Amino acid sequence: MEVTFGSAPVAEEIIKECLHRAEGYDLEGFLLGQGAIPAKIMLVGEAPGATEIVEGRPFTGQAGKVLEEYLEKLGLTREDLYISSAVRSRPFKDKVAAGTPAGSAPRISRSNRTPTKNEVRAHAAILDAEIELVQPRVIVPMGNIGLHRLIGSHETISSLHGKVIEGPILRLEDPSDPRSDYVFGERTYSIFPLYHPAAVIYNRSLEAVIERDLTTLRDFLATKNNS
Ligand code: URA
């Protein structure tokens, strides 16, 4: 799949370097985050899926419909914030589809999968650059992949969702080193973890929890706007 940079606000060298670091992984396509620059609020998801890679826009598949509901409850539109994710290509998994008749060429079915830590690290410099550009005051990691990328993996979304954490976030210590570790930056953000929009598709019982978290976030954003 061809990769285009369009009017990418992130320097082309950073993108090229990240794509180079991701070579050999089962990733396809590429799209940057989208939205307002600068923006007070930044959402950080996991990785684009099949639909997003074709559409060239984050959260346009099934999870995107749920994200639109999130935004409606928050009284926001996509233009009010910036939407990104830990990985900017689609992690995929191929398997031979059931029902391929014996003797004929195997039919391969491709599905989305969760990105690995190495894949997140390969694209880490892009998210770091986006955060620098967008300068958000509030960062909303959606799901464990976004949360762990920003604060480390000692906590999970099920323990931190719906809470405000005031603190620094992780960035690559040395962006020029593909094996660089993460370090906490100096700036403090309001971090508000939410369940990933796809979570509710598989677990309807999360609906009420998410509704509560969105109300808490809406109220928090209102206090932030007045401060
Ligand atoms: N999940 C994400 O994290 N990002 C997308 O763009 C779509 C699904």
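With that settled, consider the pairing of strand β3 (residues 41-45). By the criterion of burial, β3 is predominantly enclosed, with five of the five residues buried. Residue alternation in β3 divides its side chains into two sets, Ile41, Leu43 and Gly45 and Met42 and Val44, and both sets are buried. Pairing analysis gives four bridges linking β3 to strand β7 (residues 138-141), with the strands arranged parallel. Bridging from a neighbouring strand, valine 44 pairs with proline 141 of β7.

Strand order in this open sheet of three strands is β1-β5-β6, and the pairing throughout is antiparallel. Strand pairing shows two members of the sheet lacking a second neighbour, β1 (27-28) and β6 (108-112), which therefore form its edges.

On to the site of the ligand, then. Surrounding the ligand, one finds Gly45, Glu46, Ala47, Pro48, Glu52, Pro58, Phe59 and His196. Within the contact set of the ligand, an oxygen atom lies 2.6 Å away from a backbone nitrogen or oxygen of glutamate 46. One nitrogen or oxygen atom from the main chain of alanine 47 is found 3.2 Å from an oxygen atom belonging to the ligand. Residue classes in the shell around the ligand are distributed as four nonpolar, two polar and two charged.

This part covers the packing of helix α1 (residues 12-21) against helix α5 (residues 124-134). Where α1 contacts α5, the axes come no closer than 8 Å and their chain directions differ by 155 degrees. As the angle between them shows, α1 and α5 are arranged roughly antiparallel. Residues Ile14, Ile15 and Cys18 of α1 form the contact with α5, whose participating residues are Ala125, Ile126 and Ala129.

As a further point, take the sheet that holds strand β4 (residues 82-85). Strands belonging to one sheet form pairs held by backbone hydrogen bonds; the direction of such a pair is parallel or antiparallel. If you trace the six strands from one edge of the open sheet to the other, you get β2-β4-β3-β7-β11-β8, paired in mixed fashion. Taken across any chain shown, the strands that pair with only one partner, and hence form the sheet edges, are β2 (34-35) and β8 (165-167). As defined by bridge partners, β3 adjoins β4 across four bridges and the pair is classed as parallel. By the bridge assignment for β4, valine 44 is matched with serine 84.

Inspection of α1 places Ile15, Cys18 and Arg21 among the buried residues, and these make up the whole buried set. Looking down the long axis of α1, one finds its buried residues gathered within 125 degrees of arc, a one-sided arrangement. Where α1 is buried, its residues contact α4 (117-122), α5 and β9 (170-172).

The rules behind each value
Residue positions are given per chain, counted from 1 along the sequence in the order it is written. Per-residue local features are limited, in this predicted model, to residues with pLDDT of at least 70; the limit for side-chain atom pairs, both in listing and counting, is 80 or more; totals at the level of whole chains, interfaces and linings are taken over all residues. The side-chain values count all of the structure's non-hydrogen atoms but skip hydrogen atoms and water molecules. Residue exposure (1.4 Å probe, protein chains only): buried if accessible area is under 20% of the type maximum, exposed if over 50%, otherwise partly exposed. Going along the chain from the N terminus, every DSSP run of H or I of four or more residues is numbered as a helix, and every run of E of two or more is numbered as a strand. Here, any two strands with at least 2 DSSP bridges between them count as paired. When we say a residue is near a molecule or strand, we mean one of its heavy atoms is within 4 Å of it. For the purposes of these results, a polar contact is taken to be a pair of N or O atoms within 3.5 Å, where, inside protein, one atom must be able to donate a hydrogen and its partner to accept one; residues adjacent in sequence count only when each atom of the pair is a side-chain atom. Classes in brief: Ala, Val, Leu, Ile, Met, Phe, Trp, Tyr, Cys and Pro nonpolar; Asp, Glu, Lys and Arg charged; the others, Gly included, polar. Convention adopted: a line fitted to C-alpha atoms gives each axis, helices being fitted over their contacting stretch, and angles between N-to-C directions are expressed from 0 to 180 degrees. Just so you know how the angles are binned, under 35 degrees is roughly parallel, over 145 roughly antiparallel, 65 to 115 roughly perpendicular, and the rest oblique. Contacts are assigned to residue pairs that have any heavy atoms within 4.5 Å of one another. Directions pointing from the helix axis toward each C-beta atom define the arc.

The values reported here are purely geometric and, on their own, carry no functional implication.
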